[in-house]
Amino acid sequence: MARIKSAENAKDPATGRPLPHGVNCRGLRQHRAWKLLNGQRIIRTFDTARLARAWLEETSVKVREGRHIDVRALDGLVLRTLIERYRDECLAHRDADRTGHIPALLRDPIADLKLSRLTVPEVRGFRGRQGKDLAPATVVKRLNLLASILNHAMSEWDVPLTLNPASGRMIKRPTGADRKRNRRLVEDAPEGPTPPTATNTTEASEYERLLAAVTSESHPDDVWFVRWAIE
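On a predicted model such as this, the values are computed, not experimentally measured, just so you know.

Draft legend 1. Spatial organisation of the nonpolar core. One finds L79 and L82 to be the most contacted residues of the largest nonpolar core, which totals 30 residues. Residue assignment for this core shows that the elements contributing at least two residues are α2 (79-90), α3 (95-107), α4 (120-131) and α5 (136-156). Of the residues forming this core, the biggest block, 8 residues, is contributed by α5. Residues in contact with L79, not counting those within four places in the same chain, are I110, A111, L113, L115, L118, L146 and L150. L19, A49, A52 and L56 belong to the second-largest nonpolar core, a separate cluster that totals 9 residues.

Draft legend 2. Main features of helix α7 (residues 222-230). Taken together, the buried positions of α7 are V223, V226 and R227. Down the axis of α7, the sector holding all buried residues measures 100°, keeping them to one side. Pointing more than 90 degrees away from the buried face of α7 are the exposed residues F225, W228 and A229. Elements in contact with the buried residues of α7: α6 (206-214).

Draft legend 3. Fine view of the packing of aromatic side chains. Applying the stated criterion across every chain yields a total of 1 aromatic pair. Look at F46 and W55: their rings are 6.0 Å apart centre to centre, the planes differ by 40°, and that puts the pair in the tilted class. Across the pair, exposure class does not vary: F46 and W55 are buried alike.

Draft legend 4. Geometry of the side chain of R173. Mapping R173 onto the fold places it in the loop between α5 and α6. Within the structure, R173 has its side chain in polar contact with the side chain of N144 (distance 2.9 Å). Here S167 takes part through its backbone oxygen, which lies 3.4 Å from a polar atom of the side chain of R173. Setting aside residues no more than four positions away along its own chain, R173 makes contact with V140, L143, N144, A147, A166, S167 and G168.

Draft legend 5. Local environment of the confidence of the model for the chain. In this model, the chain carries a mean pLDDT of 78, and residues with pLDDT of at least 70 account for 76%. Across the chain, element-level confidence peaks in α2 with a mean pLDDT of 94 and bottoms out in strand β3 (residues 40-46) with 75. Confidence over residues 1-8 falls short of pLDDT 50; this stretch has 15 contacts with residues more than four positions distant or in other chains. Across residues 193-201 the pLDDT falls below 50, and counting only partners more than four positions away or on other chains, this stretch makes 15 contacts in the model.

Draft legend 6. Molecular detail of the packing of α4 against α5. Two elements in contact, α4 and α5, have axes separated by 10 Å at closest approach and are oriented at 150°. Of the possible angle classes, the one that applies to α4 and α5 is roughly antiparallel. The way α4 lies across α5 gives a crossing that is right-handed. Along its contact with α4, which presents V123, F126, R127, Q130 and G131, the element α5 presents V139, R142, L143 and L146.

What counts, and at which threshold
- Residues numbered from 1 in each chain as written.
- Predicted model: local features only at pLDDT ≥ 70, side-chain atom pairs only at ≥ 80, totals over all residues.
- Heavy atoms only, no water.
- Core = buried A, V, L, I, M, F, W, Y, C linked by side-chain atoms within 4.5 Å.
- Buried < 20%, exposed > 50% of the residue type's maximum accessible area, 1.4 Å probe, protein only.
- Helix = DSSP H or I, 4+ residues; strand = E, 2+ residues; numbered from the N terminus.
- Contact = heavy atoms within 4.5 Å.
- Arc of directions from axis to C-beta.
- Phe/Tyr/Trp six-rings, centres within 6.5 Å; stacked < 30°, edge-to-face > 60°.
- Polar contact = N/O pair within 3.5 Å; in protein donor to acceptor, adjacent residues only side chain to side chain.
- pLDDT = per-residue confidence, 0-100.
- Axes fitted to C-alpha atoms, helices over the stretch in contact; angles between N-to-C directions.
- Parallel < 35°, antiparallel > 145°, perpendicular 65-115°, else oblique.
- Left-handed = near helix turned anticlockwise from the far one by under 90°.

Okay, here's the thing in structure tokens:
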């Protein structure tokens, strides 16, 4: 591996400021930061020198406090691998997720991200793309499914993610997804034992329309089951 270091007096072409030690610029949005850990050189690439310097500072703090985790394994894993493994191992009896939500996750560009690049902004972009054509409740379902996949990978497959960028603590869920449906009748039941027919329901109450809907010549007793259930 070629030795990577910041040239003395090298400047960031985007800002004109000197690059911090341990960072060099390889081109547009290619600021490479390196740090020697346990005798091995760790390299990360960032869009800006500011992000590269922040990574260096954060890594230094974690090393001093004994909290550093070597995440080089994340560079060799893409999210698609976790989604497919979770589908095969954990969703054997959940056909709705296997045939609906999982394929939707695999079709989205987020599935082809390396885990080292899976960040909160990337998940926020996923939320925006899903929200263009789907109801808020469906978007929440897919965000929660993605969060469950990452949680399972961290706890059961020893994937060294330091945080779950799809969790509710990190990503706000769309509003309106938890709106409850009204399951109560709007009006009181009419007096009298005779249910209305299907032909006079234009001005009927909700209760009357319900009785008309269940009235059937082949099952005439259904209307009494409805009455009894409501009472």
